[in-house]
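Reading the structure
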Amino acid sequence: MNVALGGTFDPVHDGHRALFERAFELGDVTVGLTSDELAPNTRHDERHVRSFAKRRADLSAELERLAESQNRSWDIRELAEPTGIATEPQFDVLVVSPETETGGKRINEIRRDRGLDPLELEVVPHVLADDGDIISSTRIVNGEIDEHGTLTPERDGREKPT
């Protein structure tokens with residue numbers, strides 16, 4: 001199967017890893033990574049997002065490790081619009097989180113309008129931090145937790161570039 005998923009992935013954390021692991025269990029994976037222009041528009045908060053090149057490098061390292069363990073192929077493509085690659089005909093499955101499931105349903109509406117079969121939506125549950133709240137990039141950037149969900153009260157968060 002050809003599996004798609006997308007996001008900003010800044011920084012990559014255990015919640016993302018759960019998405020990637022499920023995607024590789026299902027098939028060969030293509031990850032849409034938000035462009036520098038799109039990334040700030042996908043955030044519900046105002047925070048610095050690292051460059052596409054830096055996010056791509058970190059994402060590549062994660063995908064390489066997981067793909068090798070599952071004997072799968074993978075690719076990263078730049079997303080210029082939120083529906084991105086998932087409206088293309090070659091995909092069978094879209095891996096989403098509970099908060100992006102609605103976007104997956106919207107993608108399937110677009111696919112139907114274009115005469116394409118809908119994608120199977122594979123919803124991967126959130127991964128929880130030590131405090132029982134979800135692991136998120138925003139919480140990591142703000143210094144609340146690390147990429148594994150461990151509380152980090154000694155951290156101040158990510159500095160914005162000067």
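Residues numbered from 1 in each chain as written. Predicted model: local features only at pLDDT ≥ 70, side-chain atom pairs only at ≥ 80, totals over all residues. Heavy atoms only, no water.

Time to look at unusual backbone geometry. Outside of glycine, negative phi angles account for most residues, and trans bonds account for most peptide bonds. Each neighbour pair has its own omega, and for D10 with P11 the value is -5 degrees, a cis peptide bond. Along the chain, P11 falls in the loop between β1 (2–7) and α1 (14–26). Non-glycine residue F9 carries a positive phi angle of around 50 degrees. With respect to the secondary-structure elements, F9 resides in the loop between β1 and α1. With relative accessibility at 4%, the residue F9 sits in the buried group. Residues other than glycine seldom take positive phi values, yet N71 does so here, at roughly 55 degrees. (Helix = DSSP H or I, 4+ residues; strand = E, 2+ residues; numbered from the N terminus. Buried < 20%, exposed > 50% of the residue type's maximum accessible area, 1.4 Å probe, protein only.)

The next subject is helix α3 (residues 101–113). Over its 13 residues, α3 extends 19 Å from the first C-alpha to the last, a length consistent with the 18 Å expected when each residue adds 1.5 Å. What α3 keeps buried is the set G104, I107, N108, I110 and R111. Down the axis of α3, the smallest arc covering the buried residues is 160 degrees, so these residues share one side. Exposed side chains of α3 directed beyond 90 degrees from the buried face belong to T102 and D113. In this structure, the buried residues of α3 make contact with β4 (93–96) and β5 (120–123). Of the residues trailing α3, G115 is marked for its positive phi of about 80 degrees. (Expected span 1.5 Å × (residues − 1). Arc of directions from axis to C-beta. Contact = heavy atoms within 4.5 Å.)

The subject of this paragraph is the nonpolar core. One recurring pattern in soluble globular proteins: nonpolar side chains tend to sit buried together. Of all hydrophobic cores here, the largest spans 22 residues; its most connected members are L5, F9, F20, L59 and V95. Mapped by element, the contributors of at least two residues to this core are β1, α1, β2 (28–34), α2 (52–70) and β4. Tallying contributions element by element places α1 first for this core, with six residues. Core analysis: the next-biggest nonpolar cluster, separate from the first, contains 10 residues, L79, F91, L94 and L119 among them. (Core = buried A, V, L, I, M, F, W, Y, C linked by side-chain atoms within 4.5 Å.)

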